[in-house]
Each structure stands twice: as C-alpha cells, then as structure tokens.
Amino acid sequence: MNSPSLLSTINPATEPDKLDSVERAEIDASTRGPVLLFFGTAIFWLLMGSLLGLISAWKITNPGLFDSISWLTFGRLRPAHLNLVAYGWAVPAAIGVGLWLTARLCRVPLLHAKLLISSAIVWNLGILVGLSGILIGDGRSIEWLEFPAYATPILFIAYACISVWTIIMFRFRKSGHIYVSQWYLFAAFLWFPWLYATANILLVWQPVQGPAQGAINWWYAHNVLGLWFTPIGLAAAYYFIPKVIGRPIHSYYLSILGFWSLALFYSWNGMHHLIGGPFPAWMVSASVVASVMMFIPVITTAINHHMTMKGHFEALNWSPTLRFIVFGAVSYTVVSLQGTFMAIPALNSITHFTDYTIGHAHLGLYAFFTMIMFGSMYYIVPRLVGGEWPCANLIRWHFWLSAVGIILMVGALTLGGLLQGLALYDVASTFRSSIEFATPFRVLRGISGFILMGGQLVFAYLFVQMLLKPGSQKKSPAHFDKSDNSSNDSVAI
Amino acid sequence: MNKLPLIFVGIFLTFTSAWIGLVAYPTLNLANVEPIPDEETGGVLPPTTSGMAIAGQKVYASAGCMYCHSQQVRWAPLSTDIAKGLGTRQTVARDYIREKVAFLGTMRTGPDLSNIGVRQTDANWHHLHLFEPRTVTEWSIMPSYRYLYKTQKISGQPSNDAIQGLRGPHAPKPGYEVVPSVDAKALVAYMLSLKKNYKLPESPEPTAK
Amino acid sequence: MSSPNTPQEEPFNESQPENDENIVKVHASIIREREEPRAGYEPIPLWLITVFFAIIFWAGIYLAYNSGGFSKEVYNPELVSWQGGGASVSVPPDPKVIGKRLFTQNCVVCHQTSGLGVAGQFPTLVESEWVIDAGPDDWVGDNHLVRVLIHGLGGPVQVKGVTYNNAMPPWSQLKDDQIAAILTYIRSEWGNNEPPITSEYVQTIRELTKDRTEPWTQKDLKAIPPEKIQELGAAPAPAEPATTVPAAQPAA
C-alpha cells in the first residue's frame, strides 16, 4: 500500500501477496542454521533447567537432600532453574520461532545467517557464565535478574544483534500487508532489549537505592512475560491456527483491539506482585486496575481464536502442531483470567506469598508459552531439515505427558497454595500449619515434575532423530490419526 | 494496520507510559529517600547498620534466602501481618534505604524476616538455626547452611566463636567444636539488624483493633 | 465441507507446482502447505464493547478511591482521604492497644497470639487463675502476677490443673507503664475480664522486690498473701480506659 492517507493504514481491504512454494522454500532454507541452533540449545537448557527445578521441588519436602553442598542449596537451585528455563529455553525458543515467522511473513530470506549463529553461540555462552555465577554464589537475588553483572552484558550484546537483525527484516519486507502476527513480533523484538537494558542498568550495573528496586524489578519481571513471551506466543498462535486449518482469522478488528489493549495494559501490570508492599498506594492501585483491564485483550484474543477454530476442531485429531498450539492458546486465556483475579486485593491477600503464585507462573510459562513453542517446532523443524517426524506415537506421548504433567502441577500448587494462604492469613493458625497444609501438594508437584521431564525427554529424542536423519525414508507427515492418512497427507502437519 | 512507522509509534508510546509510571517515577521519587532525625535518641531513623550487617546482605543474596522469606509487613485488612506479630506497622520505602538490594520477596515458604532481629535477639540461636534448623524447630523445612561453618578440633582453649548447645546428627564429636565462617557471622549480624520497630511518620501504627 | 474428516477445505494457492522445474528442490512438506494466513473481517460484538466500557468505568472509580491522592507519602490507601496525606490525629493512648502491641512483640512467641500457649510447654493465659480471679481457691493475686513479669518464673507450676516445667524470662527491662499495659491487655482479652493494672502498682511491686535476683518459683510466690488491685485503697483508681477508641481516620 503506497497511499499516504491515514485511512489507508487501517483499511482492511488488503490481501497478502501470494507466496509460492519455491520462494517459501528459499526463505525457510535461509533460516535453517540459526533457527535449528536456537532450538537445539533451547531444548538442552530446558532439560537442564527442568532437572534443577525437579531437584529443588524435592528439596522443599526433603530439606536434608544434598544439604551440605553449597551449590545445591535451594536458594541457588531455584534461581538457576528459573533462569535456565527462562533465558536458556524460552528466550532462544522464542527467538527461533520469531525469526522463522518474521522471515516468512515479511517474505525476505534471512541474509548473513552467520551473524545470528554467532549471536546464538554468544547468548548460550552468557547462559553458561550466568548459571555458573548463580551456583557459585554470585546470584543477585533479584527475581528474574539473578545472573551476575559479568554475565548480563554478554546476553545483552547477543540479544541486541538478534533484535536488530529481525527488525531489519521488517524494513525490507516484500508484502504491503502486515499480518497480526507481525505486529506482535515487531513489538516483542523492540520491547525486550529496552526492558532488559533498563532493568540491568538500574538494578545490576548501577543499582538505585533500595526502596525503588522492587518496582523496577517487577516492572521488568512481569513485562518479560507480558511483552516478550506473550507476544511471541500469540504471534505463533495467530499464524499456525489459520495456517493449519486453512481459513482466515475470524476478525481483523478483534485482532487490533487485542493487540493495542495488550500493549497498553500489560505494561502496567508489574506492581501487582507487591500489593501491600512499601510503595505509594497509587502505584499498586494502578497495577491492580491494569491487571483487571487485561480482561479486554484476553477475552478479545480468546474470541478471535475460538471463532477461527469453530467448526474445525476435528483438525486437533490429526495435527500435532494444532493440538499443542490450541492447548497453549486455551491456557493463555485461563492463566490471564487467573492473573486478573489474583490481582484483586481481597483475593491477593490469600494467594500472595504462597505456592499459588508458583502454580500461576507455571501455567503461564509452561501450559501457555512452552506448549505453543512445542507446537511451532513440530511445524517448523520438518521444513528446515527436509524430513518428517519419525513417529506420531512418540509425539502423542509428548503431548499427553506434558498436558497431564502441567495440569497436575498447577492443580497441586493451586490447591496447596490456597490452604497455605488461608493458614497464613488466619490469626489463630500457626505458621507450622501453613507448611503442613502445603506439604502433600508439594509432593504431588514433585511427581508432576517427573512426568513433565518424561515428555521433554521424548521431545528431545525426536528432535535429535530429526537432526541425525534428515530426509528420512518416511514420506508422509507424522499425523496422529492414521485411519485418515490419505486425505491429510496432502496438507500440512 | 499496514504502516510500520505508525505501529512503531504506538508500541513506543504504550510502553513509555508504563516506563514513566513504574520506572522513572520510583527512580526519581523513591531512590533518594533520606533518613529522618530520631528525636528520642538524637540519632537517625532508620538507624545505621554495621559493616558486618551490610556484608551479611551479600551472604543473604548469595544463599538465596529471599526465595522463601519475605521482608515486608503489609497493612490490615489486606493482611494479618500486624496481628500475627510480624511487625507493629506497615513497612514503607524509608525502611529499605540501608539495603543494597531490597529483599522484599514474593514467598512465605518460611516466615517473614522484617523484624527477625526483634523476635530472636540471640546470635547463638541464629547459628544453631543456620547450622541445623531442625534442632531449634523440629518441623522446619529450611535447608541446613552447614557449608558456612567449620568443624575443627579443639586445640587448647575452646574458641569463643564456637556454637553452644549443638545437638543432632551433625553435632561435633567430643573434642571438636563448630565455628562460624566470616560469612556466617555476617549473615547473623544482618539477621540481628533486621528491626523495623522504630516509628516513621508516614507509617502510623494501627490505633484500633 | 465434503467430509467431516477432510481438513482440505480451501483450495491451494500454489502456482501450479507440477509445471515448475524448481519444484524438485522444494521439500514435500512445503508444497503441502496451505496459503499464508489472512484476516477475516467480522465486526466486534456489541456486548463485548459494552463489557469493556463497564470495566473502564469501574477502573476510574477504583483508582479514585485507592490511589491515596497520588501522593508518594501514602502507602495504605485505607488510611487517607482525598483531602490530605496520612494525617496523624493524636488520641489518648489506650493501654489495651499499647499492651496488645507489646504483647505481640514480646509474648506471642510462647503464649501465642491466641493467648492459649503451647500444650505442655507454655501455659495458657485464657481464663487462667494466674491472670484472672478464679474464685475462692485461687491463691494468685495481682501482686503475684506483677512479680512474675518483673523477675520471671521457673520450676514446675500448675495452671488450670496442668503442670508445666519451663522458664519464663524476666521482663524487668520493660518500663512500669509497659508492664502495666501488657497485663491490662491480657486481663481484658480472649474473654478475660479483670480491672486494669496501673503503672503505679507495678512501680510499688518493683520497689518491694528490688533486692530479688532469681526468677520466682511457685513455692516462693505462694508464701506471699494475694492482693486484688481493686481492693487496694492506696493505689489510685485507674482511669477507665476508653473501651474502644475509634480509629482516628478521616472518612475515606
């Protein structure tokens, strides 16, 4: 669209240009190196991070476990777990999916992929340095920013390169139409470096005085979820749902409303982690209001996705991609509405400071974001290596282990957290009872960790198979529903 | 929305609004809070802390105490913190001006520590608790911090620093004693310094039940 | 849809791949793909817009009541009105409120917020004959109670028929009015209903026992005849504290 008028920019009457399969194959091939490298390292750190999470989960019910080893103390394992799954797994997975989507949607091949390969190596080096820093006791005890001051510049440099390179693709895009996924991708790749730089300058490199730190800390920590992981996850959902079922997104107008309300309200949410904390009342109240307002983008997006899927739910029977993505999209609605309720002070006074919050975090980062990343990888990886997933049954195992594991984990933490919170709130109740109420649920959580790791190991096995045997003998895609193979083979996984 | 620059302006402005409210505002208003004079003693509030206590903050961060212990007292009826004896008033910005990192915390897997220096005033108690938490509180789920302590043979006079009254499986054999490392001493000094029982005008104590 | 199990609804938008020579280089999975996603143009439902405006309206009201006037000095939105920052209105100190605070700081570790103590370790204060006047068999007077606080208590003691053997530390570092406030509080809380202890009375007992260094034992105390503060003509009748001082809050 070349018309300069403002109206034309919101004119819906533009269609994406046709993308033929040769061009598409070229673009996909150009992203092969960096995307596979990001995916591979992400899966490795996911396994490591989950292992650390599993050990910390068991340490909380067995405090004597490894208790004389300084680098295995709970207060180091827990931040190591969080940082590995957040920066080792989730960020590279998001970058990989984001790069691939951006290249396809902008219709430009990725140039100079070596730069991104180097960035990926530097990023993972930063993760390794940061992880060692936490384990030897240099962790900063600032949630989501535990990596010591000597690790974060490495990560920032790597990320800045990636971000610039992705934004450049937007600059050189071929299609006049900008699809909804691209809005989210563009915003996410701009927001994250800004977030990361601000938080590191004010909290790690030149720390401001104590009283101001909590606000900046939670502004950052919540926006990593809201303005980085969430947009990438939604971009993937907005791309893969219509792609797999082959029909347009329900409503362009709902997409617009959902995007802008998310941008405006999510960024204000952070202070709801500090309700009652030592901050001026208006800051907390502003975050409470913004958290309730999150109802708007969440319901809008949920309606948009649901109406797109309507009448096509049978596709969940055969498409692994769609099954993971839809699980993630539904979880997004659930976790966001839960977040809205948790921010209401009357309910927050029970759930605050308890395992309930941990359950909420896993619902967001695993049931929503990680599941969408799994789904995206099931679609992307075959197109990069030129082969098909070796075994649909293993994909089915991966899905059910992940789904059951995360539902068990979130359910246990939610119930245990509620009991713990009621005991903490009740004046007549002792502190001891808050521990005793939560303990059986914490054991369940530990068990759910094994189930989740089982699913991850299956996925890692499948991924390694794809890398080792590209162009495998298997000709048809790995669909779940074998009886229906003939008709489905002609469409995407 | 087919104009990239317009989208850019939009995502820039929405993000900036929160950046001003939640980053710039606290940086300008909460990062230069001064202590106030204490009319009773002629000192300042909050009181200054010792160098050992400041060193202890680093140990606190390094051991990750913050992941289970909060350091904030909230107002009623939002919370029952004050009724439960965690403090006498809500904690406010000025309470944290001595902290290099404000360990507000988001979990109470263990109890709140805003006023642990008021509740437990005995350094030896803290050492016993850190060395083997279950000798002082049998149902505790806190991990042991034995790696901050050294068991050594008593040569000549027993050390003045040795922990008194150790029991349990990790108690020293006869002729041996357990002494705290510098880190352990700093951590305990920090624990003892955690007292938010002075009065601040911006945080009135609740006057009615 | 021709068949419910056939996801192939849209025609493929490929440029006749079978005629393209380059197609051999393209992976099978990419040929299979459907066209790139597009947007449909269904309108936003009216009910959704209504709900959103309702939420925005609520948000305005909530902020008006809970923003603390957007002041950086206001931490508890319930304590202030639009008129000013956390105004501190001076009220006559209520010994029960002060006593509750001191009790919370010093006593709840053993006797618990509930006053019930810990079974077998720390005795209860609720309807305990040590705290209230429990009838003709009660040998513990108010003078004993004050002595226990000043010098502590050790050895076996009987409370409500249960024997405890633990040590209560002395609280002589507290000032007379603080000890009086704590005792007044525990004698009027949890259903206990006894007259207040005055700081003058605490001062009298402290004078009487100033030579003592050991904590009291039950045997020592029993040797002292009981006194009831309301029967002492010497001690001035304490001013009845305001039963419940209303919170000095400007209407929010």
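Here the structure is a predicted model, which is why all the values come from computation and not from measurement.

The next thing to look at is the overall build of chain A. When its secondary structure is counted, chain A shows 17 helices and zero strands. Here the C-alpha atoms of chain A give a radius of gyration of 22 Å, agreeing with the 23 Å that 2.2 N^0.38 yields for 493 residues. If one aligns the C-alpha atoms of chain A with their principal axes, the spans along those axes are about 70 × 55 × 45 Å. Sorting the 493 residues of chain A into buried and exposed places 70% on the buried side. Partitioning the contacts of chain A with sequence separation of at least 6, the portion at a separation of at least 24 is 81%.

Quick look at the confidence of the model for chain B now. Residues and elements named next belong to chain B. The share of residues in chain B with pLDDT of 70 or more is 99%, and the mean pLDDT across the chain is 91. Highest mean pLDDT in chain B belongs to helix H6 (residues 182–193) (96); lowest belongs to strand E1 (residues 36–37) (88). Confidence metrics for the complex model read pTM 0.78 and ipTM 0.94.

What follows is about the packing of aromatic side chains. Residues and elements named next belong to chain A. Tallied over the entire structure, the rule returns 56 aromatic pairs over all chains. On the basis of an interplanar angle of 45° and a centroid distance of 5.8 Å, the ring pair of Tyr 87 and Phe 147 is categorised as tilted. Taken together, the positions of Tyr 87 in helix H4 (residues 74–106) and Phe 147 in the loop between helix H5 (113–135) and helix H6 (152–171) put the pair 60 residues apart, joining distant regions of the chain. The two residues Tyr 87 and Phe 147 agree in class, both being buried. Note that Arg 171 overlies the ring of Phe 172, its terminal NZ or CZ placed 5.5 Å from the centroid. In this structure, Arg 323 packs its charged tip against the face of Phe 399, placed 5.4 Å from the ring centre.

Following the sequence through the fold, B:Gln57 ends up in helix H2 (residues 51–63). Distance from B:Gln57 to B:Ala189, taken between C-alpha atoms, is 9.4 Å for residues 132 residues apart in sequence.

All names here are of chain C. For the pair helix H3 (residues 95–106) and helix H6 (residues 176–186), the least separation of the axes is 7 Å and the interaxial angle reads 95°. Judged on the interaxial angle alone, H6 and H3 are roughly perpendicular. Counting all contacts with H3, which are made through Pro 95, Lys 96, Ile 98, Gly 99, Lys 100, Leu 102 and Phe 103, the residues of H6 involved are Gln 178, Ala 181, Ile 182, Thr 184, Tyr 185 and Ile 186. Here the residues of the contact of H3 with H6 are counted per class, giving eight nonpolar, three polar and two charged.

Turning our attention to the nonpolar core. One finds A:Tyr87, A:Trp89, A:Trp144, A:Tyr220 and A:Trp228 to be the most contacted residues of the largest nonpolar core, which totals 232 residues. Those residues within four positions of A:Trp228 in sequence are excluded, and the remaining contacts are A:Val91, A:Ala94, A:Ile95, A:Tyr159, A:Ala188, A:Phe189, A:Phe192 and A:Asn223.

Our next topic: the interface of chain A and chain B. Across the contact, 92 residues belong to chain A and 74 residues belong to chain B. Interface area for chain A against chain B, summed over the two sides, is near 7300 Å², with a carbon-plus-sulfur share of 66%. Our enumeration of links across chain A and chain B arrives at one salt bridge. The salt bridge partner of A:Asp67 is B:Arg146, with a shortest N-O separation of 2.8 Å. Inspection of the chain A/chain B interface yields 21 residue pairs in polar contact (both at pLDDT 80 or more). Top element by residues in the side of chain A that touches chain B is helix H8 (residues 210–245) of chain A. It accounts for eleven residues.

Compared with an ideal rise of 1.5 Å per residue, which puts 15 residues at 21 Å, helix H11 (residues 295–309) of chain A spans 21 Å between its outermost C-alpha atoms and is within 8% of the ideal. Across the 15 residues of H11(A), eleven count as buried, placing the element largely inside the fold. For H11(A), every residue scored as buried is listed here: A:Ile296, A:Pro297, A:Val298, A:Ile299, A:Thr300, A:Thr301, A:Ile303, A:Asn304, A:His305, A:Thr308 and A:Met309. Looking at the buried side of H11(A), the elements it contacts are helix H7 (180–205), H8, helix H9 (252–266), helix H10 (281–293) and helix H12 (320–343) of chain A together with helix H2 (46–66) of chain C. Just downstream of H11(A) lies A:Gly311, where phi reads positive at about 85°.

This part takes up the pairing of strand E4 (residues 176–180) of chain B. Residue and element names in this part refer to chain B. Counting buried positions along E4 gives four out of five residues, so the element sits mostly inside the fold. Where strand E3 (residues 149–153) meets E4, five bridges bridge the pair, whose relative direction is antiparallel. Bridge pairing in E4 links Lys 153 to Tyr 176.

Turning next to a nonpolar patch on the surface. The grouping of B:Phe8, B:Val9, B:Phe12 and B:Leu13 at the surface amounts to a nonpolar patch, some 350 Å² of accessible area in total. With respect to the helices and strands, the residue B:Phe12 is situated in helix H1 (residues 4–29).

Residues and elements named next belong to chain A. This structure, assessed with the given rule, holds 22 salt bridges over all chains. Two residues, Glu 23 and Arg 107, come together in a salt bridge whose shortest N-O distance is 3.1 Å. Here Glu 23 is found in helix H2 (residues 21–30), whereas its partner Arg 107 is found in the loop between H4 and H5, with 84 residues between them in sequence. The burial state of Glu 23 is the same as that of Arg 107; both residues are buried.

Turning our eyes to something else, we now look at the side chain of A:Thr41. Residue and element names in this part refer to chain A. On the secondary structure map, Thr 41 appears in helix H3 (residues 32–61). Judged by its relative accessible area of 17%, Thr 41 is buried. Here Asn 124 takes part through its side chain, which lies 3.3 Å from a polar atom of the side chain of Thr 41. Setting aside anything within four residues of it in sequence, one finds Thr 41 in contact with Gly 88, Pro 92 and Asn 124.

Reading the values: the criteria
- Residues numbered from 1 in each chain as written.
- Chains lettered and ligands numbered in written order.
- Predicted model: local features only at pLDDT ≥ 70, side-chain atom pairs only at ≥ 80, totals over all residues.
- Heavy atoms only, no water.
- Helix = DSSP H or I, 4+ residues; strand = E, 2+ residues; numbered from the N terminus.
- Rg over C-alpha atoms; globule rule 2.2 N^0.38 Å.
- Buried < 20%, exposed > 50% of the residue type's maximum accessible area, 1.4 Å probe, protein only.
- Contact = heavy atoms within 4.5 Å.
- pLDDT = per-residue confidence, 0-100.
- Phe/Tyr/Trp six-rings, centres within 6.5 Å; stacked < 30°, edge-to-face > 60°.
- Lys NZ or Arg CZ within 6 Å of the ring centre and 35° of its normal.
- Axes fitted to C-alpha atoms, helices over the stretch in contact; angles between N-to-C directions.
- Parallel < 35°, antiparallel > 145°, perpendicular 65-115°, else oblique.
- Nonpolar A, V, L, I, M, F, W, Y, C, P; charged D, E, K, R; others polar.
- Core = buried A, V, L, I, M, F, W, Y, C linked by side-chain atoms within 4.5 Å.
- Buried area = accessible area lost by both parts, 1.4 Å probe.
- Salt bridge = Lys/Arg side-chain N within 4 Å of Asp/Glu carboxyl O.
- Polar contact = N/O pair within 3.5 Å; in protein donor to acceptor, adjacent residues only side chain to side chain.
- Expected span 1.5 Å × (residues − 1).
- Pairing = 2+ DSSP bridges.
- Patch = residues over 30% accessible without salt bridge, like charges linked within 9 Å, V, L, I, M, F, W, Y side chains within 5 Å.
- Areas by Shrake-Rupley, 256 points an atom, 1.4 Å probe, with all protein chains shown as cover.

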